[in-house]
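Chain by chain, the residues:
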Amino acid sequence: MAEVSLHKPFPAADVVAWDYETDVAIVGFGATGACAAIEAAGAGARVMLFERNSGSGGASGLSGGEIYIGGGGGTDAQRAAGFEDSTEDFIAYLKAAGGPCVDEAKCEHYGREALNHFAWLKAQGVPYRGNYLPGKHIEPTDDSTLIWSGSEAAAPFCNIAKPAPRGHTIQHMGWGGGRPLVDTLEASARAKGVEVVVDARAIALIEDQGRIVGLVVRIDNQNRFVRARKGVVLATGGFVMNEEMRRKYCPETFKITTPIGDKDDGMGILLGLGAGGEAIHMEQFFTTCPWTMPESHANGVFVNIMGQRFINEDCYHGRVSRCAVDQPGGKVYLLLDNAHFVQPMDFAQMTIAGTGDSWEEVEAELEMPKGTLSATMAFYNAHAHEGRDPLFDKKPPILTPLDQGPFIALELNFQTSYFSFFTLGGLRTSAHAEVLDRTGVPIPGLFAAGRCTSGLPAWGHGYSSGMSLADCTFFGRQAGIGAGRG
């Protein structure tokens, strides 16, 4: 018998007997896998879903349950709050947020269909209160729906697309709306007859004359062979928990210390590569430190160890954090005055590095060369009084002078402060979730979506909260539709 390996599909001719037979086999039971299963079953296909854990969840279940939605004139929540959001502006923002890694076809597909996708989510039973929560929030702590969840109102994005809030969060009190989101999608999938097999780890795909026709799963320490007559969907998450893959593809993540994921070990990516797929943008990652908690800290100014600003601080907290990690010296400083400083959240591990009655005194406490940080703040404050930021185009009302002493510098240390992160690179797929080979041709019978692919949230510097769940739920659906058709 041929060797069973992640790195090469198992020949169908060597399968002695099939342990399971289905139309569509899905690997992974987070939001991606659930949405794929719902659509494939809705198309009349028999669907089996294999999950390595003892139940559903994945990284989606650990999330805040926020989905990035807009366009089409606006969702009901956007319109009720007085925001119009054209499809053109929505797509333009998605493309800008993708930066050098953008997949324009995916942006256009999702941009045109986002309102229909929102309606589809509601039809599965996902509840939304429909109200707007103003201000700068990482996620709602009540059951509010709509928040500003990206850099829409900040340069350069506000000059590319008309700003609108687009973060839509499931109706759920407190943190962690991802768990009830997955529970709702799971209930919909099971109601449609999807068969779920847990404690089953996929270890190989099965190929027959260039087509993926099944997979090998490990159950109770035994290999089980699954025939999938129409297609296989990979919905396995990223590779943030695989240190070997991170060192090879994404070594910058070792600057920081708090990976976020479930069993995101890159298994789906390796399966896809073994089948002839291509992994792209594997160096990209998201990171954030919760420096905007409390919210008044959003009015602060960031400098590096040389006392120089590097970003307009009114951007999304993750964009600011990602740019911070690019800075030399292993740390940055958040500068605040007495009018805006509040004791940071304990879990953020942001420490007080310097204080003073003038920025010159803070500069001296930080042991920076004389005339560095103090000159930065003199320039910043002079222009902030005029309502402008000629260096980075920070906008009011977050743009405000920091001139009410005493003054303080909080240290965000990449190794000791809380910088959570996850990977963004993965398999190259089409806008219909087909896994593409190195020439851009779909691999017959193989589909993938979510963080095992390079999707909407492709560029760490352009991420917005809700993009991952938008990507995995929408393109999970595309994978299920494609696999269900066969």
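Structural data are supplied above this passage.
A few points on the structure. Owing to the predicted nature of the structure, the values given are computational and were not obtained by experimental measurement.

## A word on the overall build of the chain
And step 1. Helices and strands together make up the secondary structure of the chain, namely 12 helices and 22 strands.
And step 2. Against the 2.2 N^0.38 benchmark of 23 Å for 486 residues, the chain shows a C-alpha radius of gyration of 24 Å, consistent with a compact globule.
And step 3. Counting only C-alpha atoms and orienting by the principal axes, one finds that the chain spans roughly 80 × 45 × 40 Å.
And step 4. Expressed as a percentage of contacts within the chain between residues at least 6 apart in sequence, the contacts between residues at least 24 apart total 72%.

## Topic: the sheet that holds strand 17 (residues 351-356)
And step 1. With antiparallel pairing, 4 strands are arranged side by side in an open sheet as 15-16-18-17. Where the open sheet ends on each side, the last strands, each with one partner, are strand 15 (301-303) and strand 17. Each strand axis lies, on average, 25° off the axis of its neighbour in the sheet, ignoring direction.
And step 2. As defined by bridge partners, strand 15 adjoins strand 16 (residues 331-337) across 3 bridges and the pair is classed as antiparallel. Residue pairing for strand 16: Phe 302 is matched across the bridge by Leu 334.
And step 3. Its contacts with the sheet put helix 11 (residues 373-384) on strand 15 and strand 16, and the angle it makes with strand 15 is roughly 150°.

## Quick look at the pattern of salt bridges
And step 1. For the structure shown, the criterion picks out 23 salt bridges.
And step 2. Close ionic contact of Lys 95 with Glu 104 constitutes a salt bridge, the shortest N to O distance being 3.8 Å.
And step 3. Judged by its relative accessible area of 23%, Lys 95 falls in the partly exposed class.
And step 4. For Glu 104, a relative accessible area of 44% translates into the label partly exposed.
And step 5. Ionic pairing is found between Arg 190 and Glu 186, a salt bridge with its closest N-O pair at 2.9 Å. Of this pair, Arg 190 and Glu 186 are both found in helix 6 (residues 178-191), 4 residues apart, which corresponds to roughly one turn of the helix.

## Some points on the nonpolar core
And step 1. Within the largest apolar cluster, 61 residues are counted, with the highest numbers of intra-cluster contacts made by Leu 205, Leu 215, Val 232, Leu 234, Leu 412 and Leu 446.
And step 2. Each residue touching Leu 215, except ones within four places of it in the same chain, is listed here: Ala 25, Val 27, Ala 202, Ala 204, Leu 205, Ile 206, Arg 224, Phe 225, Val 226 and Val 232.
And step 3. Counting residues in hydrophobic clusters, the runner-up holds 51 residues, among them Ala 37, Leu 49, Ile 67 and Leu 185.

## Re the pairing of strand 19 (residues 420-423)
And step 1. Taking every second residue as pointing to the same face, both faces of strand 19 are buried, with Ser 420 and Phe 422 on one and Phe 421 and Thr 423 on the other.
And step 2. Pairing analysis gives 2 bridges linking strand 12 (residues 258-259) to strand 19, with the strands arranged parallel. Across the sheet, Pro 259 pairs through a bridge with Phe 421, a residue of strand 19.
And step 3. With 4 bridges joining them, strand 14 (residues 285-288) and strand 19 adopt antiparallel strand pairing. What sits directly across from Phe 286, in strand 19, is Phe 422.

About the criteria used
Residues numbered from 1 in each chain as written. Predicted model: local features only at pLDDT ≥ 70, side-chain atom pairs only at ≥ 80, totals over all residues. Heavy atoms only, no water. Helix = DSSP H or I, 4+ residues; strand = E, 2+ residues; numbered from the N terminus. Rg over C-alpha atoms; globule rule 2.2 N^0.38 Å. Contact = heavy atoms within 4.5 Å. Pairing = 2+ DSSP bridges. Axes fitted to C-alpha atoms, helices over the stretch in contact; angles between N-to-C directions. Salt bridge = Lys/Arg side-chain N within 4 Å of Asp/Glu carboxyl O. Buried < 20%, exposed > 50% of the residue type's maximum accessible area, 1.4 Å probe, protein only. Core = buried A, V, L, I, M, F, W, Y, C linked by side-chain atoms within 4.5 Å.

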